[in-house]
Structure formats: structure tokens, C-alpha cells
Amino acid sequence: MSVTPIVVAQRAAPAGVERVALLALPGSVYLFAAFAVPLALLLVTSVMSDGLFTLAGYARFLADPFSWTVIGNTLRIAGLATLICLLAGYPAAFALARAPGALQAALLTALILPLSVGVVVKAFSWTILLRSDGIVNRSLLAIGLVDTPVRLLFTETGLVLGAVNIFLPFMVLPIFAVVKLIDPRLLDAAATLGASPLHRFVRVTLPMTMPGVIAGIAFVFSMSVSMYVIPTLLMGDRFKTLSILVARSFLFMRDRSLGSTVSVVLLVIAVAVVVASALLARRWQRNS
């Protein structure tokens, strides 16, 4: 009597797996056709010249000091935007998770609703805010912090501010999802055992929220490193990043080889960040 359910389960398991595979087939086909094939063609273009396999494009790109300047600009802006998003988003996620029901719903709406607005619209709005007669300079002049308007538009400061504003929800939401699962009584228990607030944060709060922090960093950095519209509108053509160099190579210079090479370099950086964050999160969970 006890063997029959096991046999039935073993026979039903392959059918369930096949059913799941069939359900995933349409999405898999779409992802393969829309993403995998174009990326494969891009990779082939970057290593082919006159029908022959060659890495000369990568050699030329990496041997040019200007290329390293562009890579440095890209990584610096992405790193600053990610760091500021983390510093601002970490306490915001706790405030959001600990807010009462109605207030939490309102805060979530305020956080998620801007995501429905296009990046172009938000970037243009920052050009209005940061110009010499914009609301930021008017506010600084009104409270007496500056005597003359400060140049914010077409500066790295303005670019980082715009990127943080656009990508901050992608840092807050993963941390919020993790904090929401933490029992507040754990901190109370640590306090009754004599742990100081700093000790409670370092030994209890931070380790438990680290998966959300890693996910948020991966989201924000991977999007910041490949942003195109934001630096184009807030910095202009004189500030080069990898994404801007890709666009100029294809649209203006008509150099498919250079555009493909830079695209692959940018893709490698973004994928490396995502893979490293996934491995780090898995290792952290295993050690925990």
C-alpha cells in the first residue's frame, strides 16, 4: 500500500517537468530570438574582419589611452551613482518596511510611480532643475548658500544626481523586500543581551540584509554603467562613456567594428557585475 504513491509520484514527475518546459518554451524562444541572437551577431562582428577571425579590434581599442579614459568615466559615474543610491536607499528601505499600513502603501506608490515615466522625460526634467535659473539654483540663492548661480548642468555632479534619482528605486526595493522579512524582535533580543546599537547593526541587521544590498548594487551598477540617455542630456557629447561611444561608432562614424568591440566590452563589464553579485550572494547565504 505504501509503495503505490511513490511509484505514481515517480511516474508523474517527468510529466510535470515536461509540462513546465512547455510553458517556458514561448518565453525562451522569444529571449533567444530577441537577445541571444543579436548578441551573438554582435560578438561575431567584433572578431571578424574581411571574413577572417581577428582580435585586432580589441587590441586597438585597449591600446588607445582614450579608451581607458572612457572606461574610467563609465566606471566612476556608475560607482558614484551606486554608492549614493546605497547610502540613501538603505535607511529609506528600513523606513518603508517599518511604516504602518496606509503610510507604507503611500510611500510605495511614491517610489514605484516614477518608474512609469520614461527615462527621457526624467532626464529632461533634470535639465530644467539644474540650469542656472532652475529651482535648485534659485533655492540655493534664496537661502543664502551661494551668491551667484552654481554650474550644475553639464557637470559630473549633475549627471550623478540625475542617475541617482532615476535608479534609486532599484536599490530600495530589493533591500525593502529583505527587511520586510526580518523579525524586529531579533534586535530587541540582541539589546536584552547587552549588544550596543552599532553591534546590533553590524552583527544582526547588516548580515541579514546583505542579500538585498547585493541585489540592489547589481541592479543599479549594471544599469548605470550602460546608461545612454542620461549622460547625453545632462553632460552632452564632450563627456564620453562606453554607451555614448557605442552610439557614435554606429550612428556617426559608421564603424561597425569599433561599435561592436565597445559593445562587447560594455556587455562583459555588466555581465561580470551581475555574475559576481550572484556568486557573492550565494556564498554569503551558504556561510550564513
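Above this text sits the structure in question.
One numbering rule holds for all chains: residues counted from 1, following each sequence as written. Owing to the predicted nature of the model, reporting of local features is limited to residues with pLDDT of at least 70; listing and counting of side-chain atom pairs is limited to 80 or more, with chain, interface and lining totals taken over all residues. Heavy atoms throughout the structure, all of them, feed into the side-chain values; hydrogens and water do not.

Participant: Would you mind going over the overall build of the chain with me for this structure?
Facilitator: A tally of helices and strands in the chain yields 13 helices and two strands. With respect to the three principal axes, the spread of C-alpha positions in the chain is 80 × 65 × 35 Å. Think of it in three bands: with a 1.4 Å probe and only protein chains considered, a residue is buried below 20% of the maximum accessible area for its type, exposed above 50%, and partly exposed in between. Buried residues in the chain amount to 34% of all 288 residues. A 1.4 Å probe and the Shrake-Rupley method give the accessible areas. Residues count as covered only by the protein chains that appear here. When the accessible area of the chain is evaluated, it comes to approximately 17,200 Å², of which 72% is carbon and sulfur surface. Both charge centroids of the chain, one from 21 positive and one from 10 negative side chains, sit 8 Å from each other. Segments assigned H or I by DSSP are reported as helices when at least four residues long, segments assigned E as strands when at least two residues long, and all are numbered from the N terminus. By the counting rule applied here, Lys and Arg register as positive and Asp and Glu as negative, while His and the ends of each chain are not counted. To locate a charge, take atom NZ for lysine, CZ for arginine, CG for aspartate or CD for glutamate.

Participant: Help me understand the nonpolar core, please; the structure alone is not making it clear to me.
Facilitator: Across soluble globular proteins, nonpolar side chains show a tendency to be buried alongside one another. In these notes, a set of buried Ala, Val, Leu, Ile, Met, Phe, Trp, Tyr and Cys residues joined through side-chain atoms within 4.5 Å is what counts as a nonpolar core. Counting residues in hydrophobic clusters, the biggest one holds 35 residues, and the most contacted among them are Leu159, Phe167, Ile175, Met227 and Ile230. Broken down by secondary-structure element, the contributors of at least two residues to this core are helix H3 (65–98), helix H5 (119–130), helix H7 (156–167), helix H8 (169–179), helix H10 (197–224) and helix H11 (229–234). Among the elements that take part in this core, H3 stands out by supplying nine residues, more than any other. Non-local contacts of Ile230, meaning those with residues more than four positions away in its chain, are made with Val119, Ala123, Leu159, Gly162, Ala163, Ile166, Phe167 and Met235. Grouped together as the second largest cluster of nonpolar side chains are 17 residues, Val47, Val70, Val225 and Leu266 included. Contacts are assigned to residue pairs that have any heavy atoms within 4.5 Å of one another.

Participant: What should I look at first to understand helix H12 (residues 242–251) in this one?
Facilitator: When you tally the buried positions in H12, you get seven out of ten residues, the bulk of the element. By the burial criterion, the buried members of H12 are Leu242, Ser243, Ile244, Leu245, Val246, Ala247 and Ser249.

Participant: Would you explain the pattern of salt bridges in this entry?
Facilitator: Side chains that differ in charge, positive against negative, can pair when their charged atoms come close. What counts as a salt bridge is simple: a side-chain nitrogen of Lys or Arg found within 4 Å of a carboxyl oxygen of Asp or Glu. Following the criterion strictly, the structure yields three salt bridges and no others. One salt bridge connects Glu156 with Arg76, and the closest N-O pair in it is separated by 2.8 Å. Taken as a pair, Glu156 in helix H7 and Arg76 in helix H3 lie far apart in primary sequence, 80 residues in all. A salt bridge links Arg185 to Asp183; the nearest nitrogen and oxygen atoms lie 2.8 Å apart. For Asp183, a relative accessible area of 30% translates into the label partly exposed.

Participant: Would you explain the side chain of Lys240 in this entry?
Facilitator: When you line up the elements, Lys240 lands in the loop between H11 and H12. Those residues within four positions of Lys240 in sequence are excluded, and the remaining contacts are Phe66, Val70, Asn73 and Arg248.

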